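# Structural characterization, general
Spelled out, the chains give:
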Amino acid sequence: SREIGLDYGQDPREMAVKITRFFEENFEYQTSTPTRSPIGATNQFLIPYFLLENRRGHCELFASATVLLMRLNGVGARYTLGWSVQEQGDGEGEYVVRMRHAHAWCRYWSIKENRWLDLDTTPPGWFESESSAAAWHESMQDWWSDRMHAFRMWRYYGDTGNLQNYLLAALAVLVVI
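Conventions adopted
For every chain, the first residue of the written sequence is number 1, and numbering continues from 1 onward in sequence order. Residues qualify for local features only when their pLDDT is at least 70, as the model is predicted, and side-chain atom pairs are given and counted only at 80 or more; totals for whole chains, interfaces and linings, by contrast, use all residues. Each side-chain value is derived from all of the structure's non-hydrogen atoms; neither hydrogens nor water enter the calculation. We define a nonpolar core as any set of buried Ala, Val, Leu, Ile, Met, Phe, Trp, Tyr and Cys residues linked to one another through side-chain atoms lying within 4.5 Å. Summary of the burial criterion: residues with accessible area below 20% of their type's maximum are buried, those above 50% are exposed, and those between are partly exposed, where the area comes from a 1.4 Å probe applied to protein chains only. Comment: elements are numbered from the N terminus, with helices defined as DSSP H or I runs of at least four residues and strands as E runs of at least two. In what follows, a contact means two residues having at least one pair of non-hydrogen atoms within 4.5 Å. Surface patches are drawn from residues lacking salt bridges whose relative accessible area is over 30%; two like charges belong together within 9 Å, two nonpolar side chains (Val, Leu, Ile, Met, Phe, Trp, Tyr) within 5 Å. The Shrake-Rupley method, run with a 1.4 Å probe sphere, supplies the accessible areas, and residue values consider only the shown protein chains as cover. By definition here, a salt bridge exists when the distance from a side-chain nitrogen of Lys or Arg to a carboxyl oxygen of Asp or Glu is within 4 Å. An axis is simply a line fitted to the C-alpha atoms; with a helix, the fit covers only the stretch in contact. Between two such axes, the angle follows the N-to-C directions and lies from 0 to 180 degrees. By the definition adopted for this analysis, an angle is roughly parallel if under 35 degrees, roughly antiparallel if over 145, roughly perpendicular if from 65 to 115, and oblique otherwise. Each helix crossing is assigned a hand: it is left-handed if the near helix lies turned anticlockwise from the far helix by less than a right angle, otherwise right-handed if that turn is clockwise. Residues are sorted three ways: Asp, Glu, Lys and Arg are charged, Ala, Val, Leu, Ile, Met, Phe, Trp, Tyr, Cys and Pro are nonpolar, and all the rest, Gly among them, are polar. Two strands make a pair as long as DSSP finds a minimum of two bridges between them. Residues are called lining when one of their atoms sits within 4 Å of a cavity or pocket point, these points coming from a 1 Å grid over the protein atoms alone, where a cavity is a set in which a 1.4 Å probe fits but cannot get out and a pocket is an open set with protein on both sides within 12 Å along at least five of seven lines. Grid points are joined across faces, edges and corners, and a volume is the space filled by probe spheres set on the points.

### Thoughts on the nonpolar core
In terms of nonpolar packing, the biggest core is built from 28 residues, with Ile19, Phe23, Phe27, Phe50, Leu51, Met70 and Tyr108 touching the most fellow members. No other element matches the six residues that helix α3 (residues 59–72) contributes to this core. Excluding anything up to four places from it in sequence, phenylalanine 23 contacts Phe50, Leu51, Phe62, Ala65, Thr66, Leu69, Thr121 and Pro123.

This is the structure in structure tokens:
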């Protein structure tokens, strides 16, 4: 808190700006998070190790540290987990959601606005880092997932086009053979 310049009772938006800038200027994103501090580290717990020694981590470390810093300084904050959907799909208004789009961030309470506000302190560029680390066979997985989705839609909701009927008939013939 001292290094960042946070004060108890400070305006939460001002705190959010300071914490975000601190992480952007002094920390680095990495595509994985260790489950514990390495042997020989001064801090045996992961969050102090992340904040005081390593200064590299995945989004859940940035989110956890942000929540702790906000709470330490008198601001209600909570850890939030969800999806950061950024890839446009084929159709209008469609997006691709992958496991690597899972993301963690902080939400803090604004007394002035009487609502929860999102605060993502993970350094910019995390999405590109995750994308560059994607598996080579991701496009095949996408194709298979799309086919399975179309099959389930046909199975549960009926006729969505002749293609599914032809595929089902072909599958039936193969099973009989």
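### Thoughts on a nonpolar patch on the surface
Taken together, the side chains of Trp83, Val85, Tyr95, Val97 and Met99 present a nonpolar region at the surface, about 550 Å² in accessible area. Positionally, valine 97 belongs in the loop between β5 (95–96) and β6 (102–110).

### Thoughts on the packing of helix α1 (residues 12–26) against α3
Where α1 meets α3, the axes come as close as 11 Å, and the angle between the chain directions of the two elements is 140°. Classified by the interaxial angle, the pair formed by α1 and α3 is oblique. Every pair of crossing elements has a handedness; the one defined by α1 and α3 is right-handed. Along its contact with α1, which presents Pro12, Met15, Ile19 and Phe23, the element α3 presents Phe62, Ala65, Thr66, Leu69 and Met70. Residues that form the contact of α1 with α3 fall into these classes: eight nonpolar, one polar and no charged.

### Some remarks on the sheet that holds strand β7 (residues 115–119)
The sheet built from three strands is open, its strands ordered β3-β6-β7 with antiparallel pairing. Strand pairing shows two members of the sheet lacking a second neighbour, β3 (77–83) and β7, which therefore form its edges. Ignoring strand direction, the axes of neighbouring strands in this sheet form an average angle of 35°.

### Digging into the environment of valine 17
Turning to its location among the elements, valine 17 is positioned in helix α1. The sequence separation of valine 17 and arginine 2 amounts to 15 residues, and the corresponding C-alpha distance is 15 Å.

### Quick word on helix α2 (residues 46–54)
Listed in full, the buried residues belonging to α2 are Leu46, Ile47, Tyr49, Phe50, Leu51 and Asn54. In this structure, the buried side of α2 is in contact with α1, β2 (56–57) and α3. Of the residues one or two after α2, arginine 55 is the one with positive phi, at around 55°.

### Brief notes about the layout of surface pockets
If you add up the space inside the largest pocket, you get close to 580 Å³. Lining the largest pocket are 17 residues, and of these Val96, Val97, Asp142, Ser145 and Asp146 lie nearest its centre. Elements with a minimum of two residues in the lining of the largest pocket: β5 and α5 (138–157). At eight residues, α5 tops the list of elements feeding residues into the lining of the largest pocket. For the lining of the largest pocket, the class distribution of residues is five nonpolar, four polar and eight charged.

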